[in-house]
Amino acid sequence: MVVAFKVTGGERGGWAVLHVSGELDLVTSPVLRQRVHDEVAEGRHDLVLDLSEVYFCDSSGVGVLIASRRLIRSCRGRLRLILPARGAAEGSHVNRVLGALGVRRLFDVYGDLAEAVDEEAADEKGTEPLSA
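An account of the accompanying structure is given in this report.

What counts, and where the lines are drawn
- Residues numbered from 1 in each chain as written.
- Predicted model: local features only at pLDDT ≥ 70, side-chain atom pairs only at ≥ 80, totals over all residues.
- Heavy atoms only, no water.
- Pairing = 2+ DSSP bridges.
- Helix = DSSP H or I, 4+ residues; strand = E, 2+ residues; numbered from the N terminus.
- Axes fitted to C-alpha atoms, helices over the stretch in contact; angles between N-to-C directions.
- Contact = heavy atoms within 4.5 Å.
- Salt bridge = Lys/Arg side-chain N within 4 Å of Asp/Glu carboxyl O.
- Buried < 20%, exposed > 50% of the residue type's maximum accessible area, 1.4 Å probe, protein only.
- Polar contact = N/O pair within 3.5 Å; in protein donor to acceptor, adjacent residues only side chain to side chain.

Quick word on the sheet that holds strand β3 (residues 46–57)
Inference 1: Spatially, five strands are ordered β1-β2-β3-β4-β5 in an open sheet, and the strand pairing comes out mixed. A single partner strand is all that each edge strand has here, and the edge strands are β1 (6–12) and β5 (108–110). Neighbour-to-neighbour, the strand axes of the sheet open up by a mean angle of 25 degrees, direction not taken into account.
Inference 2: Bridge count for β3 against strand β4 (residues 78–82) is five bridges, and the pairing is parallel. By the bridge assignment, Val48 is partnered in β4 with Arg80.
Inference 3: Each of β2 (15–24), β3 and β4 touches helix α2 (residues 59–74); the most contacted strand, β4, lies at about 150 degrees to it.
Inference 4: Sheet strands touched by helix α3 (residues 92–101): β3 and β4. Its angle to β3, the strand with the most contacts, is close to 100 degrees.

Next comes the structure, spelled out in structure tokens:
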């Protein structure tokens, strides 16, 4: 079975949103890296990566997420990830991979888009990321 990789963009509540679906691996991760760079180059420094439809993520995908965090922080922007925490639900693979590697704590993680772009909920959550 071939899973198509796709990155689509949008905006919500002042946040640039990239919806990612498919497998985030050595072949596809450069596409996401370029899309993040394009968003930053266009002046959008508050970015949500919706990874809820990513079914597989390898080390190159994790590397893109960490590099994206570094790039956004260098612009004094904010990066938020959407990673559903439900057991075997869509997107849980990325959540498990980041947790297993001990890097999940580096990211502001939300369960859905509405929560990720809600500034009041984010303030209550205390979204100041840990230094890396």
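Following the structure, the description resumes.
Considering the pattern of salt bridges
Inference 1: On inspection of all chains with the given rule, the structure shows three salt bridges.
Inference 2: Of the charged contacts, one joins Arg44 and Glu39 as a salt bridge, the two residues approaching to 2.5 Å between their closest N and O atoms.
Inference 3: Residue classification places Glu39 among the buried residues on the basis of a relative accessible area of 8%.
Inference 4: When the shortest N-O distance is used, the salt bridge between Arg44 and Glu42 registers 2.2 Å.
Inference 5: Taking relative accessible area as the criterion, Arg44 reaches 29% and is therefore assigned partly exposed.

What about the side chain of His93?
Inference 1: Within the secondary structure layout, His93 lies in helix α3.
Inference 2: At 3.2 Å, the side chain of His93 forms a polar contact with the backbone nitrogen of Cys57.
Inference 3: When residues no more than four places from it in sequence are discounted, the contact partners of His93 are Tyr55, Phe56 and Cys57.

None of this, on its own, says anything about what the molecule does.
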